[in-house]
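As a plain string of letters, each chain reads:
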Amino acid sequence: FSVLTYCFILVLLIGGYGLMIFEREAMDASGLQFNNYFNCVWCSVVTMTTVGYGDFYGVTIFGRIVAVIICMWGVFLVSMVVIALTNMLELESGEEKSYLLLKRLELKKQMKYYATMAINQLATRKILWRKFPWKKGKINDATRRYMENIRAFSYANRFFLLDFQRCPQSRS
């Protein structure tokens with residue numbers, strides 16, 4: 001980031017100076033105060049970030065050329081900052097393997113829980129069916145909870161298998 005920061009500041013200062021030199025001659029005609037260096041730097045910042053407020057802008061040909069160059073450098077530097085941030089936030093190989101391992105362990109834990117709950121609800125349904133066949137509401141509730149747990153188990157299993165196929169374990 002330090003190189004990008006230095007480049008950004010350097011282009012701001014040089015671009016502001018260039019605008020001050022080329023736009024000073026047309027200051028009376030345009031009404032823009034380019035004799036103040038901070039106004040020129042402000043114009044450079046607004047141009048580099050492609051905001052373009054319109055409060056300061058180049059009037060002369062060379063002033064516009066300097067503004068276009070500042071704009072191109074700004075787009076280039078902003079894209080470099082985005083690339084640097086993306087590379088900083090991207091997981092390395094070992095970190096990604098650790099993350100996937102933790103994710104698999106969590107999915108296994110969920111699958112075990114839902115399988116246990118499904119077996120429990122199936123046993124509850126079977127007991128209710130044998131001892132209380134006239135209580136259809138409780139049997140239907142147990143059946144519904146059993147099916148919900150089976151669906152949740154299948155959902156977790158599907159993600160576990162997709163994740164396992166995407167990044168197979170290393171065999172050593």
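Here is what the cut-offs are and how they apply
- Residues numbered from 1 in each chain as written.
- Predicted model: local features only at pLDDT ≥ 70, side-chain atom pairs only at ≥ 80, totals over all residues.
- Heavy atoms only, no water.
- Phe/Tyr/Trp six-rings, centres within 6.5 Å; stacked < 30°, edge-to-face > 60°.
- Lys NZ or Arg CZ within 6 Å of the ring centre and 35° of its normal.
- Salt bridge = Lys/Arg side-chain N within 4 Å of Asp/Glu carboxyl O.
- Helix = DSSP H or I, 4+ residues; strand = E, 2+ residues; numbered from the N terminus.
- Buried < 20%, exposed > 50% of the residue type's maximum accessible area, 1.4 Å probe, protein only.
- Core = buried A, V, L, I, M, F, W, Y, C linked by side-chain atoms within 4.5 Å.
- Contact = heavy atoms within 4.5 Å.

Thoughts on the packing of aromatic side chains
Using the criterion set out here, one finds five aromatic pairs in the structure. When the centroid spacing of 5.3 Å and the interplanar angle of 65 degrees are considered together, the rings of Y113 and Y114 count as edge-to-face. One cation-aromatic arrangement involves K135 over F132; the distance from NZ or CZ to the ring centre is 4.8 Å.

Digging into the pattern of salt bridges
Charged atoms that come close allow side chains of opposite charge to pair. Under the counting rule described, the total for this entry stands at two salt bridges. With its nearest N and O atoms 3.9 Å apart, the salt bridge here joins R144 to D141. Placement of the pair is R144 and D141 together in helix α6 (residues 136–166), with a separation of three residues, close to one helical turn. In this structure D141 comes out as partly exposed when scored by relative accessible area, which is 35%. The salt bridge involving R144 is made with E148; its shortest N-O contact spans 3.0 Å. Taken together, the residues span about one helical turn, with R144 and E148 both in helix α6 at a distance of four residues. Among the residues examined, R144 registers a relative accessible area of 42% and is labelled partly exposed. Linked by salt bridges that have partners in common, D141, R144 and E148 make up one network.

Considering the nonpolar core
Generally speaking, a soluble globular protein has its nonpolar side chains buried in company with each other. In terms of nonpolar packing, the biggest core is built from 14 residues, with L19, F34, C40, C43, M48, F56 and I70 touching the most fellow members. If you list the elements that add at least two residues to this core, you get α1 (2–23), α3 (37–48) and α4 (61–89). Broken down by element, the residue count for this core peaks at five residues, all from α1. With near-sequence residues (within four places) excluded, I70 lies in contact with G15, L19, S44, T47 and M48.

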